[in-house]
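Inside the fold
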Amino acid sequence: MGALVFPERADLVGAVGETTGGFYLRRVRDRMRSDPVGRSILDRAPRITDATLERAWGEPPGTFGREWAEFMGTRRFNPRDRPPVRFVDDPELAYVATRQREVHDLWHVLFACPTTVQGELALKALEFVQTGSPMNLLSAAMAPARLPATQRRQLRRLYYPWAWRAGNRAADLMCLDYEAELGTDLEELRMKWRISPAPAAAE
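The following paragraphs examine the structure supplied in this document. (Residues numbered from 1 in each chain as written. Predicted model: local features only at pLDDT ≥ 70, side-chain atom pairs only at ≥ 80, totals over all residues. Heavy atoms only, no water.)

**A short note on the overall build of the protein chain**
- Helices and strands together make up the secondary structure of the protein chain, namely 12 helices and zero strands.
- When the helices and strands of the protein chain are read in sequence order from the N terminus, they spell out α-α-α-α-α-α-α-α-α-α-α-α.
- For the protein chain, with 203 residues in total, the buried portion stands at 50%.
- In the protein chain, the proportion of contacts linking residues at least 24 apart, taken out of those at least 6 apart, comes to 72%.
- Taken as a whole, the protein chain presents about 9,800 Å² of accessible surface, with 55% of it coming from carbon and sulfur. (Helix = DSSP H or I, 4+ residues; strand = E, 2+ residues; numbered from the N terminus. Buried < 20%, exposed > 50% of the residue type's maximum accessible area, 1.4 Å probe, protein only. Contact = heavy atoms within 4.5 Å. Areas by Shrake-Rupley, 256 points an atom, 1.4 Å probe, with all protein chains shown as cover.)

This is the structure we're talking about:
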C-alpha cells in the first residue's frame, strides 16, 4: 500500500518489486544472457557509484554523463541513496534487480522524464513495457488515484500512450553499457538507442 500511495519512495517500491518479481527477473536475466552487451554486464556486474557520478561531472556539457550529473546535483540525489536488494536470494537475479534500480535515474535523463509523481508513473509504465515488472504495472495502474483528475487524464491520454510507444521503440534498456557512454552527446545517444523523450507537458 505504501508503494502505491508513494511511488516516489524507492525503498517501498523496491521491496514490493523484489518480493513479486521472480519471474520477470529471470526473464530479464535470460534476455541479457542472450545479448552480447547484456552478457558482458552480467559477467562484469558494474555498479553505479559515487565514482561513476564523479566521472560524469568531468564530461563536457551536453554529454549523457554531464546531463546525468546535473540531474543528480540539482535534485541532491546520490547513487548510494538507492536501497539495496534484500529479498532476492539468487545472486545473479539480485544483480539484475540492482542494475535496474541503479540505472533508473539514467532513464530519467535519457527520456527527459521529470521526477514528479506524474513523471515517475510515466517512467514506471515504460519500465513495465521494457521489463514486465509487475510492481511497475501495479504502480502505473493504481497510484494515479491520488492525483487530481486533470493529471489522471493526462496520464491516460498522453503519458501512458507515450510510455507504450517509447518502451517498445527503444533498445533493450537492460542491455546497454551506460558507463561506456558517459562522454557521448546526449542527443546522439538518444538516436543510437531509439529513445523518444517524454512529452514536454510532463513537466
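Next, the rest of the story.
**So, the environment of Ala141**
- Locating Ala141 in the fold gives a position in helix α10 (residues 134-142).
- The class for Ala141 is exposed, based on a relative accessible area of 56%.
- Separated by 16 residues in sequence, Ala141 and Ala125 have C-alpha atoms that sit 8.6 Å apart.

**Some remarks on the environment of Glu187**
- Mapped onto the elements, Glu187 comes out in helix α12 (residues 186-192).
- Taking the C-alpha atoms as reference points, Glu187 and Leu110, 77 residues apart in sequence, are found 8.8 Å from one another.

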